[in-house]
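# Examining the three-dimensional arrangement
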Amino acid sequence: SIVDSELRTGYHFQPPKNWINDPNAPMYYKGWYHLFYQYNPKGAVWGNIVWAHSVSRDLINWVALKPAIEPSIRADKYGCWSGSATMMADGTPVIMYTGVNRPDVNYQVQNVALPRNGSDPLLREWVKPGHNPVIVPEGGINATQFRDPTTAWRGADGHWRLLVGSLAGQSRGVAYVYRSRDFRRWTRAAQPLHSAPTGMWECPDFYPVTADGRREGVDTSSAVVDAAASARVKYVLKNSLDLRRYDYYTVGTYDRKAERYVPDDPAGDEHHIRYDYGNFYASKTFYDPAKRRRILWGWANESDTAADDVAKGWAGIQAIPRKVWLDPSGKQLLQWPIEEVERLRGKWPVILKDRVVKPGEHVEVTGLQTAQADVEVSFEVGSLEAAERLDPAMAYDAQRLCSARGADARGGVGPFGLWVLASAGLEEKTAVFFRVFRPAARGGGAGKPVVLMCTDPTKSSRNPNMYQPTFAGFVDTDITNGKISLRSLIDRSVVESFGAGGKACILSRVYPSLAIGKNARLYVFNNGKAEIKVSQLTAWEMKKPVMMNGA
Ligand code: DQQ
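Keep in mind it's a predicted model, so treat the numbers as computed, not measured.

Calculation criteria
- Residues numbered from 1 in each chain as written.
- Predicted model: local features only at pLDDT ≥ 70, side-chain atom pairs only at ≥ 80, totals over all residues.
- Pairing = 2+ DSSP bridges.
- Helix = DSSP H or I, 4+ residues; strand = E, 2+ residues; numbered from the N terminus.
- Axes fitted to C-alpha atoms, helices over the stretch in contact; angles between N-to-C directions.
- Domains from an automatic or database assignment.
- Contact = placed C-beta atoms within 7 Å.
- Nonpolar A, V, L, I, M, F, W, Y, C, P; charged D, E, K, R; others polar.

## Remarks on the sheet that holds strand β35 (residues 494-499)
The 6 strands are arranged β26-β38-β28-β34-β35-β36 in an open sheet whose pairing can be described as antiparallel. For this open sheet the edge positions go to β26 (350-357) and β36 (504-509), each flanked by a neighbour on one side alone. The mean inter-strand angle of the sheet, taken between neighbouring strand axes irrespective of direction, is 15°. Where β35 lies against β36, 6 bridges are found, and the strand directions are antiparallel. Paired with Val494 across the two strands is Arg509, which belongs to β36.

Spelled out as structure tokens, the structure:
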């Protein structure tokens, strides 16, 4: 195979073989974290979809159980697609998922599955009650674009509500609201929760976040209903855009009376704040009562060819789970790898302190293996004088800005950052970096500097035929004091990066041919005119977690 087996991930979640996609129904139950996910038991391409099931004490070490939900009834005979879990008042979970019930077209209905034995903390067996399907497309709904039910929540009337993603007409993404008293008979609300002209909404996710600056999560099912308490929460609506293959979200308010969601930014659906500007799709959050936090799971596809996937026998990983909370500005979320991942760090990190990196210079970080590593850096830019002016024609298209001038193009302030998975002769390298611009003069006023974060994988592999897109997003941070941080989780074919404490994230899949295993190197580089300083860089080797078969 053209893809070396050294490229299989070391600490990201991945089954031993075959295709995986969306994370499903993540939850915490009686001391165990559960992750279900879309899985093809028969091969490394999408198809024959079942719900694979793994459990963990810490979201890092996993035990694989046998699939929880497989095609077995008329209502899911042709596929058990994505869905979510809801905790009932008595503490037992219910799963609602999409079933495909016709072979010719992807006709979609929603089904429930219940634990056979609620006293089993591993929830090994799931049963499908005879009254499935519980929701069918009616009243003009597009039956082939009607899927991915969310976690349900309760209104003041005690009735459950959930969302189903859909497409209205040619191009309107829609989140329909369904209500039920008993999780069995569901009726659709006259108005959808929200909609926008973005194309099909897959995998909607709708949840409360605390709005008072704390990082604590809020349980979706038991979300506060009284006015005083709801003043302290905001809501997040996330959708996965089928056409563009990315997840975007808005922050807003939930009008419980009208059963509508209103983004704070009226143009929010166009602004496309993304969880991740890279390879990250069909994500889903859950509330973790053990640590009172909200956790985000997302799927990262391969970016080699389908033929490579078949040759290597596997495709798809889950990103490292991220804690998410509302930024104090209220405008966006912050994301950070769950603290448990730090237990995989080796004992002796390599530390670099107060190292100046001159224009055009690069500095190698030596003394550890970096094919499987965690790197945290704080940078300091001496002066922003050299910052380039933002071309108004490009202004505010991060993706274009980054791909027009990649990591090797000399800039003003930046590009500076890391070369990861780099070969000794630098024939191969993946750049993760920042670039700072003066804002385009808009109405004369000088705004704050614009910070762009990018990954440039165009030199990541000497193998041909790889999909090597540059990824980029703006970082809404104030860099006038010159300071910005970067963290990269490097895992053989994964580079998962967090800019400015989780204000912008980019996950890339890369397939080096030289920079593998012990030959993968790590550098700090500076291709700008301005000197930068690494105030501190800490790099840890990452251990392999235990991934066991318990089926
Ligand atoms: N994947 C599932 C669908 C969902 C899509 C099928 C998103 O339920 O809409 O595997 O990746």
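## A closer look at the sheet that holds strand β6 (residues 93-100)
Two modes of strand pairing occur in sheets, parallel and antiparallel, and in both the strands are linked by backbone hydrogen bonds. Ordered by their spatial adjacency, 4 strands build an open sheet running β5-β6-β7-β8, and the pairing between neighbours is antiparallel. Strands at the two margins of the open sheet, each flanked by one partner only, are β5 (80-87) and β8 (126-127). For strand β7 (residues 108-115) and β8, the ladder comprises 2 bridges, and the chain directions are antiparallel. Looking at β8, one finds that Pro115 is bridged to Trp126.

## With respect to the domain arrangement of the chain
The domain architecture assigned to the chain consists of domain 1 (5-340) and domain 2 (346-549). Relative to domain 2, the C-alpha centre of domain 1 lies at a distance of 31 Å. Each partner contributes to the interface: domain 1 provides 33 residues, whereas domain 2 provides 35 residues. Classifying every residue of the side of domain 1 that touches domain 2 gives 16 nonpolar, 10 polar and 7 charged.

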